[in-house]
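# Chains, contacts and geometry: an overview
Each chain is listed here by its residues.
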Amino acid sequence: MSFETFGRPDAAAWGTSDDGHAWGFGSYLSAAAAIVSGRGQLTFPNSTSESESTVVGAGPWTIGADFVFNTLIRWTNPGNANRLMTFGLGASAEPVYLGLDPRSTGLVRLNVEGSTSATVNLTLTQGVDHYLRWEHKPSQDMSRAKVWPVGGAEPDWQVSRATSGDTYGASTDEFSFFASNAGFAGWLVEFDYFLFNENIG
């Protein structure tokens, strides 16, 4: 099990996670990351075509192992760029990942990707805390996810796909998230925690 609660003093960087893994950001997001009131924040600068990835405090992932990933996330002022946030395996969050794409219209695109893909469009409210849960279980031939507001009823799985046929490259021994922003400044994403459990039945 690996975890991050951002239970550190306010800072202009994420520093080192609760379980001892250093957060690393490239030039695009290094100035966007901060800890404010016990939450990890990313405030996106304007960009025409930029992407960054950073290794979650989960550290190494055993290639092919089952895992469950949970976070509490809030987004404010989203643009309409495609695939604003993905959570996946490897330094570029590919080739197996969960995508979360909030739009300014309130539409949120949730998808699980790999050798096959599945997508659902949801209507959710920005500025509200949401739980996000992703189970990736090759042992059961499934990858599935759901997102719902804190205080609301937990839904059934909203999107699911088979994992048979998935392949993992040489760099997929890390769990990471990949954030991108195209032509839109001011998108704020806040995380209350990350929890990554490997080999969950």
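Each remark here, short or long, concerns the structure printed above.
First, a word on what this report is: a plain description of the structure on this page. If you're wondering where the values come from, they're calculated on a predicted model, not measured in any experiment.

Across its full length, the protein holds 1 helix and 14 strands. The buried share of the protein, taken over its 201 residues, is 47%. Sequence-distant contacts in the protein: of pairs separated by 6 or more residues, those separated by 24 or more amount to 66%.

Next up on the list: the packing of aromatic side chains. Going through the model one piece at a time under the given rule, you end up with 14 aromatic pairs. Ring centres of W14 and W23 lie 4.5 Å apart, and the angle between their planes is 85°; this geometry places the pair in the edge-to-face category. You can call W23 buried: its relative accessible area is 9%. Relative to F194, the ring of F191 has its centre 4.8 Å away and its plane inclined at 35°; by these criteria the two rings are tilted. Residues F191 and F194 agree in their burial class; the two are buried. Members of the aromatic cluster, joined through ring pairs, are F6, W14, W23, F69, F87, F191 and F194. Here the guanidinium or amino end of K146 rests over the ring plane of W148, the centre of that ring lying 5.6 Å away. Residue placement shows K146 over the ring face of W157; its charged tip is 4.4 Å from the ring centre.

A separate point is the pairing of strand β11 (residues 142-149). Most of β11 is tucked away, with 6 of its 8 residues classed as buried. For strand β10 (residues 130-137) and β11, the ladder comprises 8 bridges, and the chain directions are antiparallel. Pairing of R133 across the sheet is with K146, part of β11. What sits between β10 and β11 in their antiparallel hairpin is a turn of 4 residues, with D141 showing a positive phi close to 55°. Sheet topology note: the β11/strand β12 (residues 159-161) ladder contains 3 bridges and is antiparallel. The partner of R144 across the bridge, within β12, is S160.

Attention now moves to unusual backbone geometry. The phi dihedral of F6 falls on the positive side, at around 55°, and the residue is not glycine. Relative to the helices and strands, F6 is located in the loop between β1 (2-4) and α1 (27-30). A residue is classified by how much of its surface remains accessible, and F6, at 0% relative accessible area, is buried. Residues other than glycine seldom take positive phi values, yet D141 does so here, at roughly 55°. Examined against the element boundaries, D141 turns out to sit in the loop between β10 and β11. Judged by relative accessible area, D141 falls into the partly exposed class, the value being 35%.

The rules behind each value
Residues numbered from 1 in each chain as written. Predicted model: local features only at pLDDT ≥ 70, side-chain atom pairs only at ≥ 80, totals over all residues. Heavy atoms only, no water. Helix = DSSP H or I, 4+ residues; strand = E, 2+ residues; numbered from the N terminus. Buried < 20%, exposed > 50% of the residue type's maximum accessible area, 1.4 Å probe, protein only. Contact = heavy atoms within 4.5 Å. Phe/Tyr/Trp six-rings, centres within 6.5 Å; stacked < 30°, edge-to-face > 60°. Lys NZ or Arg CZ within 6 Å of the ring centre and 35° of its normal. Pairing = 2+ DSSP bridges.

Keep in mind these numbers describe shape, not what the thing actually does.
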